[in-house]
Amino acid sequence: MDNLIAEAKKARENAYAPYSKFKVGAAVLTGDGKIFTGCNVENSSYGLSICAERTAIFNAVSAGYKKFTKIAVVTDTEPPASPCGACRQVIFEFGDDIEVIMANLKGDVKIKKIDELLKDGFKL
Ligand code: THU
């Protein structure tokens, strides 16, 4: 868990957030122990911005991974921030048992399962 948080913290440094100034880093752990990271990437056309969690998951899926056990999200907030609704739905797509680790730079950590953060998520 500490390693996943450390990777998310490193990814946060790459955040492109000139508009909100709110940097977020994420790291997702695959079923076979690999880590993929992501950061938020904003745009002048605000609605095109993407969150760190989705960047990390899309990064992993693009590399051929679809089984995830945990995702860590790091922000510089107190308490640690929890994923937005869109990211919850994207995490849920890959399993209702995924553990969401929310951490901040101070070292506070909150952990919840995705199906607790997103009740009755959408499934086709
Ligand atoms: N953001 C994330 O990266 N993850 C979330 O779960 C919520 C918000 C980003 C989007 C935007 O770049 C900035 O934080 C402020 O909303």
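Located above this text is the structure these notes cover.
Report on the accompanying structure. (Residues numbered from 1 in each chain as written. Predicted model: local features only at pLDDT ≥ 70, side-chain atom pairs only at ≥ 80, totals over all residues. Heavy atoms only, no water.)

1. Observations regarding the site of the ligand
So, step 1. With respect to spatial proximity, the complete set of residues near the ligand consists of Ser-20, Phe-22, Val-24, Asn-40, Glu-42, Cys-51, Ala-52, Glu-53, Pro-83 and Cys-84.
So, step 2. Between the ligand and Asn-40 there is a distance of 2.9 Å, counted from an oxygen atom to a side-chain nitrogen or oxygen.
So, step 3. Expressed as a share of its isolated accessible area of 370 Å², the protein-covered part of the ligand is 76%.
So, step 4. In this structure the site holding the ligand corresponds to the largest pocket. (Near = heavy atom within 4 Å. Polar contact = N/O pair within 3.5 Å; in protein donor to acceptor, adjacent residues only side chain to side chain. Areas by Shrake-Rupley, 256 points an atom, 1.4 Å probe, with all protein chains shown as cover. 1 Å grid on protein atoms, 1.4 Å probe; cavity = no way out; pocket = protein on both sides within 12 Å on 5 of 7 lines; lining within 4 Å. Sits in = over half its atoms within 2 Å of the grid points.)

2. Considering the pairing of strand β1 (residues 25-30)
So, step 1. Most of β1 sits inside the fold, with six of its six residues counted as buried.
So, step 2. The two faces of β1 match: Gly-25, Ala-27 and Leu-29 on one face and Ala-26, Val-28 and Thr-30 on the other face are all buried.
So, step 3. Bridge count between β1 and strand β2 (residues 35-39): five bridges; the pairing is antiparallel. Its bridge partner lying in β2, Val-28 is registered against Phe-36.
So, step 4. In textbook terms, the turn of a hairpin is the stretch between consecutive antiparallel strands, and for β1 and β2 this stretch comprises four residues, one of which, Gly-33, has a positive phi near 90 degrees.
So, step 5. When β1 meets strand β3 (residues 68-75), the two strands line up antiparallel, connected through six bridges. (Buried < 20%, exposed > 50% of the residue type's maximum accessible area, 1.4 Å probe, protein only. Helix = DSSP H or I, 4+ residues; strand = E, 2+ residues; numbered from the N terminus. Pairing = 2+ DSSP bridges.)

3. Considerations on the pattern of salt bridges
So, step 1. The tally for this structure, following the rule as stated, stands at seven salt bridges.
So, step 2. Linking Lys-10 and Glu-7 is a salt bridge whose minimum nitrogen-to-oxygen distance equals 3.1 Å. Of this pair, Lys-10 and Glu-7 both sit in helix α1 (residues 2-12), three residues apart, which is roughly one turn of that helix.
So, step 3. In this structure, Lys-123 and Asp-96 form a salt bridge, with 3.8 Å as the shortest nitrogen-oxygen distance. Of the two residues, Lys-123 is situated in the segment after α4 (114-117) and Asp-96 in the loop between α3 (85-93) and β4 (99-104); the sequence distance between them amounts to 27 residues.
So, step 4. For Lys-123, a relative accessible area of 54% translates into the label exposed.
So, step 5. The class of Asp-96 is partly exposed, set by a relative accessible area of 36%.
So, step 6. What you see here is one network of salt bridges that share partners, running through Glu-78, Lys-106 and Asp-108. (Salt bridge = Lys/Arg side-chain N within 4 Å of Asp/Glu carboxyl O.)

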